[in-house]
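# Secondary and tertiary structure notes
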Amino acid sequence: GLDDRPAQPARGRTLRIAGTFHVDFDEYDGKLVLATVPAIQALVGRGDQVMGIEAVVKDVDHADVVARELEKNLGGPPYQAMDWYALNKNLFTAMYGDKKP
């Protein structure tokens, strides 16, 4: 049968750092990493699952509508769709305050 319990993350796994990047925004510089999908899957113990996907929309001004419709069509939790603005709200707040660019 299928085991519904989440896999345990790999302990003591070593990843080789090939380079660093800085975008001069602490929210990104302190938290983001670029790595291959298999390396991250092994690190977090999710087997061959992915934890997210990104998509490009034709009209960025309607990304929020597309995200809401996508989430509705997926059936809601545990699936969640976020538009570009919601996903990067901290960056935009730091750059523009409360105004949406």
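First, a word on scope: everything that follows refers to the structure included in this document. Every chain is numbered on its own, with residues counted from 1 as its sequence reads. Residue-level local features of this predicted model are given only where pLDDT is at least 70; pairs of side-chain atoms are given and counted only at 80 or more, and the full residue set underlies all totals for whole chains, interfaces and linings. Only hydrogens and water are set aside when side-chain values are computed; all heavy atoms of the structure are taken into account.

### Description of the overall build of the protein
Quick note on the threshold: The helix count covers DSSP runs of H or I at least four residues long, the strand count covers runs of E at least two residues long, and both are numbered beginning at the N terminus. Here's how the labels work: a residue is buried when its accessible area is under 20% of the maximum for its type, exposed when over 50%, partly exposed in between, all with a 1.4 Å probe on protein chains only. For the area figures, the Shrake-Rupley method with a 1.4 Å probe applies, and any residue is considered shielded solely by the protein chains shown.
Scanning the protein from terminus to terminus reveals five helices and zero strands. Relative to its full complement of 101 residues, the protein shows a buried share of 13%. Total accessible area on the protein stands at roughly 9,100 Å², and carbon and sulfur atoms take up 55% of it.

### Some remarks on the packing of aromatic side chains
Filter applied, for reference: In summary, the pairing rule links any two rings of Phe, Tyr or Trp, Trp by its six-membered ring, whose centres are within 6.5 Å, and it sorts them by plane angle into stacked for under 30 degrees, edge-to-face for over 60 and tilted for everything else.
The tally for this structure, following the rule as stated, stands at one aromatic pair. When the ring of Trp84 is compared with that of Tyr85, the centres are 6.0 Å apart and the planes differ by 85 degrees; the resulting orientation is edge-to-face. A relative accessible area of 28% places Trp84 in the partly exposed class.

### Observations regarding a nonpolar patch on the surface
Put simply, the rule is: Exposure above 30% relative accessible area and the absence of a salt bridge qualify a residue for a patch, where like charges join within 9 Å and nonpolar side chains (Val, Leu, Ile, Met, Phe, Trp, Tyr) within 5 Å. Here, a salt bridge means any side-chain nitrogen of Lys or Arg that lies within 4 Å of a carboxyl oxygen of Asp or Glu.
Where nonpolar side chains cluster on the molecular surface, the patch consists of Phe21, Val23, Leu32 and Leu34 and spans about 400 Å² of accessible area. On the secondary structure map, Leu34 appears in the loop between helix 1 (26–29) and helix 2 (37–44). Relative accessible area serves as the criterion here: at 73%, Leu34 is assigned to the exposed category.

### As for the environment of Ile40
Heads up, the condition is: It only takes one pair of heavy atoms within 4.5 Å for two residues to be counted as in contact.
Among the structural elements, Ile40 can be located in helix 2. Taking C-alpha positions, Ile40 is 9.6 Å from Leu15, a pair spaced 25 residues apart along the chain. Excluding residues that lie within four positions of it along the chain, Ile40 makes contacts with Ala35 and Met51.

### Description of the pattern of salt bridges
For the coordinates displayed, the defined rule picks out one salt bridge. Arg68 serves as the salt-bridge partner of Asp64, at 3.8 Å between the closest nitrogen and oxygen. Separated by four residues within a single helix, Asp64 and Arg68 lie in helix 3 (residues 63–74), roughly one turn from each other. A residue is classified by how much of its surface remains accessible, and Arg68, at 54% relative accessible area, is exposed.

By themselves, these figures tell us nothing about what the structure is for.
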